[in-house]
Amino acid sequence: MFKNYINGEWVGGSQIYRNINPSDTRDLIGEYALADASQVLEAISAAAKIQEKWGLSTPQQRFDILDAAGAEILARRNELGDLLAREEGKTLPEAIGEVARAGNIFKFFAAEALRTGGETLPSVRPGVGVEVTREPVGVVGLITPWNFPIAIPAWKIAPALAYGNTVVFKPAELVPGSAWALADILHRAGLPAGVFNLVMGRGSEVGQILVEDKRVQAISFTGSVATGQRIAQACVARRAKFQLEMGGKNPMIVLDDAELDVAVGAAVNSGFFSAGQRCTASSRLIVTQGIHDRFVTELVRKIESLKVDDARKAGTDIGPVVDERQLAQDLEYIAIGKAEGAKLVTGGQAFGKNPDGAPGHYLRPALFTETSPSMRINREEIFGPVVSVIRARDYDEALALANDTEFGLSAGIATTSLKFATHFKRHSQAGMVMVNLPTAGVDYHVPFGGRKGSSYGPREQGRYAAEFYTTVKTSYTSG
Ligand code: NAP
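Calculation criteria
- Residues numbered from 1 in each chain as written.
- Predicted model: local features only at pLDDT ≥ 70, side-chain atom pairs only at ≥ 80, totals over all residues.
- Heavy atoms only, no water.
- Helix = DSSP H or I, 4+ residues; strand = E, 2+ residues; numbered from the N terminus.
- Domains from an automatic or database assignment.
- Contact = heavy atoms within 4.5 Å.
- Buried area = accessible area lost by both parts, 1.4 Å probe.
- Salt bridge = Lys/Arg side-chain N within 4 Å of Asp/Glu carboxyl O.
- Polar contact = N/O pair within 3.5 Å; in protein donor to acceptor, adjacent residues only side chain to side chain.
- Nonpolar A, V, L, I, M, F, W, Y, C, P; charged D, E, K, R; others polar.
- Core = buried A, V, L, I, M, F, W, Y, C linked by side-chain atoms within 4.5 Å.
- Buried < 20%, exposed > 50% of the residue type's maximum accessible area, 1.4 Å probe, protein only.
- 1 Å grid on protein atoms, 1.4 Å probe; cavity = no way out; pocket = protein on both sides within 12 Å on 5 of 7 lines; lining within 4 Å.
- Points joined across faces, edges and corners; volume = space filled by probe spheres on them.
- Near = heavy atom within 4 Å.
- Areas by Shrake-Rupley, 256 points an atom, 1.4 Å probe, with all protein chains shown as cover.
- Pairing = 2+ DSSP bridges.
- Axes fitted to C-alpha atoms, helices over the stretch in contact; angles between N-to-C directions.

**What to know about unusual backbone geometry**
- For Ala275, which is not a glycine, the phi torsion comes out positive at approximately 55°.
- Here Ala275 lies in the loop between α9 (260–272) and β13 (282–288).

Laid out in structure tokens, this is it:
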């Protein structure tokens, strides 16, 4: 049994979670201990007890540990990528890429630990000096979703530790394997007991305790809007700092002057890779009149050539969706789209067995055309390989449609026009804008996050992570 990690010890639990491979549901990856309420409280106590000491540790100590963790993750990227693909269902190349990203994030924040600085200013009063410094927030609770089992934990854990916070980490119950591997790496990298704790278990139990405990000064959450709203209310009630990264309904505009292969390539990547289970996936393709039919024809041809199979098999383009619940949600939205009058031009069929006969949650990538902006398939996050095309008259209408959503995470445009690209970068109401690129797939050293209903609080990643994981102190000295 894979155990929880609390106060520097591996601790079993009375209940277990069976981690199952979505590409082959006969394959049991492992049994993972679920933390009970008393164990979560122990983890919080341990993190609270050591926090001040860790906050005063030298930047060199924090650098060494985070750098060692990053180096090990990078060195083991193939093996950890295989585990990730096996438990989550993204393809092996995607999974290895995600692991490499996690390793690089640890190395980036190792160096940031050395760079944390402040400001010295003269006071407006004679004989007084002013210093502005950054200090750790305290104990932070980190709650992550299943779709990026190692990268999202990394982009929360690494800055939290780099800036001197202690951590209680609750991964999504569906993907404990990558979280456990990360805890094992951090344990061996030499973190003092209590600085980092892993508590596996259900959100409604383990997560809820973290969110409500007064000793947890900050909560960083990535997941669905519904859970994010609940967490926000609980944090406001006890005045804890919080940061939410939630869903998306990301648009990609294709203009008449786009290079067809660039537009189709970006649409296929953003819409269907990782089985559409990325918060930055483009699920709305907004296509202007002049290129619409050519674009749809080429896109359908490309979609129908995609190989949907076991995530770890060479040549697979799209793995299974993560579990039966997500599959049911995808199929429900496909039925909703049809009932709303959208035209399903390809895909949308679930198939319970891959070509080798392995049982899994497989779904043919689905494309709807002739959709209208008010349809539920164009307004609600589906989180599967289901994409719709919306026809637009011209750039102005396409821009208005792109911004006509309660979300604002990522947005893209395919065009050869500098004028439209520049205008779109300025007027898109999204936190991240892509020109001639998929809406998903971002760098690890720059800020990540959205606007409107997609995000709340400071950005994650890059140097901007300091906004959330530190608190500012202003000191005045006379003489
Ligand atoms: P979710 O159901 O909201 O779960 C996210 C995390 O919250 C899980 O660890 C979950 O635990 C936990 N949780 C559930 N209820 C809780 C509660 N009452 N208190 C505290 N924690 C609780 O989301 P998901 O299905 O895992 O992930 C998919 C969603 O994440 C999509 O909406 C996607 O867009 C979003 N996402 C956003 C970003 C971004 O950066 N904007 C990135 C990736 C994903 P259990 O699952 O173990 O119950």
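That covers the picture; the talk isn't over yet.
**Thoughts on the domain arrangement of the protein**
- Here the protein is described as being made up of domain 1 (4–246 + 454–478) and domain 2 (250–435).
- Distance from the C-alpha centre of domain 1 to the C-alpha centre of domain 2: 31 Å.
- Contacts between the two partners involve 26 residues from domain 1, matched on the other side by 30 residues from domain 2.
- Summing both sides of the interface, domain 1 and domain 2 together bury roughly 2100 Å²; the carbon and sulfur share of this comes to 55%.
- The three residues of domain 1 that bury the most area against domain 2 are Ser23, Trp146 and Ser454, which together make up 25% of that side's buried surface.
- Its salt-bridge partner being Asp82, residue Arg312 comes within 2.9 Å of it at the nearest N-O pair.
- Along the contact surface separating domain 1 from domain 2 lie ten residue pairs in polar contact (both at pLDDT 80 or more).
- The element best represented in the side of domain 1 that touches domain 2 is helix α3 (residues 77–88), accounting for four residues.
- Here the residues of the side of domain 1 that touches domain 2 are counted per class, giving eight nonpolar, eight polar and ten charged.

**Overview of the nonpolar core**
- Counting 63 residues, the largest nonpolar core has Phe106, Ile157, Leu161, Phe196 and Leu198 as its most contacted members.
- Both domains that furnish three or more residues to this core are identified here as domain 1 (4–246 + 454–478) and domain 2 (250–435).
- Leaving out residues up to four positions away in the same chain, Phe196 has contacts with Tyr5, Ile157, Val167, Phe169, Ala183, Leu186 and Leu191.

**Digging into the pattern of salt bridges**
- On inspection of all chains with the given rule, the structure shows 27 salt bridges.
- Across the pair Arg134 and Glu467 runs a salt bridge whose closest N-O atoms are separated by 3.0 Å. Highlighted residues: Arg134 in strand β6 (residues 128–136) and Glu467 in helix α15 (residues 466–469), separated in sequence by 333 residues.
- We note a salt bridge from Lys313 to Asp356, for which the minimum N-O separation is 2.8 Å. Here Lys313, found in the loop between α10 (289–304) and α11 (324–339), pairs with Asp356, found in the loop between β15 (350–353) and β16 (359–363); they are 43 residues apart in sequence, far enough to count as distant.
- Sharing partners across several salt bridges, the network here consists of Glu72, Arg76, Glu79, Asp184 and Arg188.

**Things to note about empty space enclosed by the protein**
- Scanning all chains against the criterion turns up two cavities of 30 Å³ or more.
- For the largest cavity, the calculated volume is near 90 Å³.
- As for the largest cavity, its lining consists of 16 residues, and the residues nearest its centre are Gly276, Ala281, Ser283, Glu381 and Phe383.
- Secondary-structure elements contributing two or more residues to the lining of the largest cavity are β13 and β18 (386–392).
- Looking at the lining of the largest cavity, its residues break down into six nonpolar, seven polar and three charged.
- Of the pockets and cavities examined, the second largest cavity occupies roughly 70 Å³.
- Along the walls of the second largest cavity sit 15 residues, with Pro251, Ala402, Thr405, Phe407 and Gly408 positioned nearest its centre.
- Of all the elements in the fold, those that place two or more residues in the lining of the second largest cavity are β12 (250–254), α13 (395–403) and β19 (410–414).
- Across the lining of the second largest cavity, the residue classes tally to six nonpolar, six polar and three charged.

**A few points about the site of the ligand**
- Residues in close proximity to the ligand total 29 residues, the closest being Thr144, Glu173, Ser224, Met246 and Glu381.
- At a separation of 2.6 Å, an oxygen atom of the ligand approaches a polar side-chain atom of Glu381.
- Surface burial for the ligand is 89%, taken as the share of its 900 Å² of free accessible area covered by protein chains.
- Residue composition of the shell around the ligand, grouped by class: 13 nonpolar, eleven polar and five charged.
- In this structure, the shell around the ligand is formed jointly by two domains, domain 1 (4–246 + 454–478) and domain 2 (250–435), each of which donates at least three residues.

**Comments concerning the sheet that holds strand β5 (residues 119–122)**
- An order of β5-β6-β22 is seen for the three strands of this open sheet, with the pairing classed as antiparallel. The open sheet has two edge strands with one neighbour each: β5 and β22 (470–478). For this sheet, the mean angle separating the axes of adjacent strands, direction not counted, is 20°.
- Note: β6 against β22, nine bridges, orientation antiparallel. The residue of β22 that forms the bridge with Gly129 is Thr477.

**Here we look at the environment of Glu88**
- Mapped onto the elements of the fold, Glu88 is located in helix α3.
- Taking the relative accessible area as the measure of exposure, Glu88 reaches 1% and is therefore buried.
- Between the C-alpha atoms of Glu88 and Asp356, which are 268 residues apart in sequence, the distance is 19 Å.
- Setting aside residues no more than four positions away along its own chain, Glu88 makes contact with Pro22, Trp146, Asn147, Pro149, Val175, Gln277 and Val322.
- Among the polar contacts listed, one links the side chain of Glu88 to the backbone nitrogen of Lys90, at a separation of 3.0 Å.

**Some points on the side chain of Thr470**
- Tracing the backbone through its elements, the reader meets Thr470 in strand β22.
- Here the side chain of Thr470 touches Arg134 through a polar contact of 2.7 Å, side chain to side chain.
- For Thr470, the side chain forms a polar contact with the main-chain oxygen of Ala466, separated by 2.5 Å.
- Not counting chain neighbours up to four residues away, the residues in contact with Thr470 comprise Arg134, Glu135, Val137, Tyr163 and Lys241.

**Quick word on the layout of surface pockets**
- The volume enclosed by the largest pocket comes to roughly 1200 Å³.
- As for the largest pocket, its lining consists of 40 residues, of which Trp146, Gly223, Ser224, Thr227 and Arg325 are closest to the centre.
- Secondary structure elements with two or more residues in the lining of the largest pocket: α7 (203–212), β10 (218–222), α8 (225–237) and α11.
- Of the residues forming the lining of the largest pocket, the biggest block, six residues, is contributed by α8.
- A class-by-class count of the residues in the lining of the largest pocket yields 18 nonpolar, 13 polar and nine charged.

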